[in-house]
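Listed below are the residues making up each chain.
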Amino acid sequence: MNAPGSNGASDREELRLAIPSDGALYDPTLDFLRACGMPNRRSSSRGYTGRLSGVPGVSTLFQRASDIPSKVEDGTADCGITGLDRVLESTQEDGDATVVMEDLRFGGCELALAVPETWLDVTTTADLADIALEFRERGRELRVATKYPRMTQRFLFSKGINYLKLVPSSGTLEVAPAIGQADLIADITATGTTLRENRLKTLMDGTILTSQSCFIANKRALRESGGKMALVKAVLERAEGYLRAQDFCRVAANVRGPSAEAVAALILEQRDLSGLEGPTVAPVFEPNGQDLYSVTILVEKARALDAVEHLRGFGGNGITISQPTYLFFAQCEAYERLAAAVDASDAS
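The model shown is predicted, which means the values in this text are computed figures rather than measured ones.

J.: Got a minute to help me understand the pairing of strand 3 (residues 49-52) in this structure?
T.: Consecutive side chains along a regular strand alternate between the two faces of the sheet. Side-chain alternation along strand 3 places Thr 49 and Arg 51 on one buried face and Gly 50 and Leu 52 on a second face that is also buried. Two strands pair when backbone bridges link them, and strand 2 (residues 40-42) and strand 3 are joined in this way by 3 bridges, in the antiparallel orientation. Bridging from a neighbouring strand, Arg 42 pairs with Gly 50 of strand 3. Pairing geometry for strand 3 and strand 4 (residues 58-63), over 3 bridges, is antiparallel. Among the inter-strand pairings, Arg 51 is bridged to a residue of strand 4, identified as Ser 59.

J.: What's the story with helix 1 (residues 26-35) in this structure? I'm lost.
T.: Residues Thr 29, Leu 30, Phe 32 and Leu 33 constitute the buried set of helix 1. Buried residues of helix 1 fall within an arc of 160 degrees about the axis and therefore sit on the same side. Of the residues one or two after helix 1, Gly 37 is the one with positive phi, at around 80 degrees.

J.: Looking at this model, I keep getting lost on the environment of Asn 162. Mind explaining?
T.: Here Asn 162 is to be found in the loop between helix 5 (149-158) and strand 9 (164-168). Counting along the chain gives 21 residues from Asn 162 to Glu 141, while the straight-line C-alpha distance between them is 9.6 Å.

J.: Which parts of the structure should I look at to understand the environment of Gln 92?
T.: Along the chain, Gln 92 turns up in the loop between helix 3 (84-90) and strand 6 (97-101). Judged by its relative accessible area of 44%, Gln 92 falls in the partly exposed class. In this structure, the C-alpha to C-alpha distance between Gln 92 and Ser 70, residues 22 residues apart in sequence, is 9.6 Å.

What counts and how
- Residues numbered from 1 in each chain as written.
- Predicted model: local features only at pLDDT ≥ 70, side-chain atom pairs only at ≥ 80, totals over all residues.
- Heavy atoms only, no water.
- Buried < 20%, exposed > 50% of the residue type's maximum accessible area, 1.4 Å probe, protein only.
- Helix = DSSP H or I, 4+ residues; strand = E, 2+ residues; numbered from the N terminus.
- Pairing = 2+ DSSP bridges.
- Arc of directions from axis to C-beta.

Structural data, given as structure tokens:
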């Protein structure tokens, strides 16, 4: 096996996963991979490559989160984890990059319009449209500073705001209105604190996109290597199995009854609290030989206490609740979506 970062022929058969090198998604991405049973092993403390433990054949490339969509689209990386906002802004609709898992449940934020707090009468995009018309009558355009010109323009046009000038920016946007660079901004916000500290406010209907981390892949690169499809499936299986398991819990109890079938029938009286496909019922071998059965059901975590009461209703005792690490269904839905996208790209 080649050392991390080597460029040998075997590297081309590895699956190259791009992950954020810094910023808000850096630590959450590493935590997510670790939770999924795929901890990243960096080549060195300052190295920009690594490997996923638990999935042999997958190397990692540390890249800026904003660069990951383009790195996946041009094939530098086979797949990547980054913000959905970055993907939708910078990838081509008919390009090789495709979103495989849209929500990895971390890195939540919004791309939103923000105007100066001094614009007291501006609280909606309709108000903003009036401002844009007033500006136009005075011979100037509404200036919007943003790192997301494509999505911002599309959103503003959809709101009937057509008289505007986008001011592309790569630095800190919050100060743009204060220094006269723009009239308002369209930027990412997680809590709104930075906006408030810079005396900006969001509009009631000014959210352009609700975003979070996502998993993307290059269809062409995977189509040309059957080995990489097998590797990406192993990664997606773990990620999907881990995320799905977060929504469920396993509830177990001891229940007395004349037979396993009779106990199962009691549990099945309330179908939504009897497990995904039904309860597991097994005999408990007590010293006194009484009819005691262990019942295990898998239920949505939000219904855990309802399940406890349901079991208590039949004399359930010694009830425990545990969290599964993974939950796999008959198929990996993310992989099936990817395989369909790869096949479709091959036919086009």
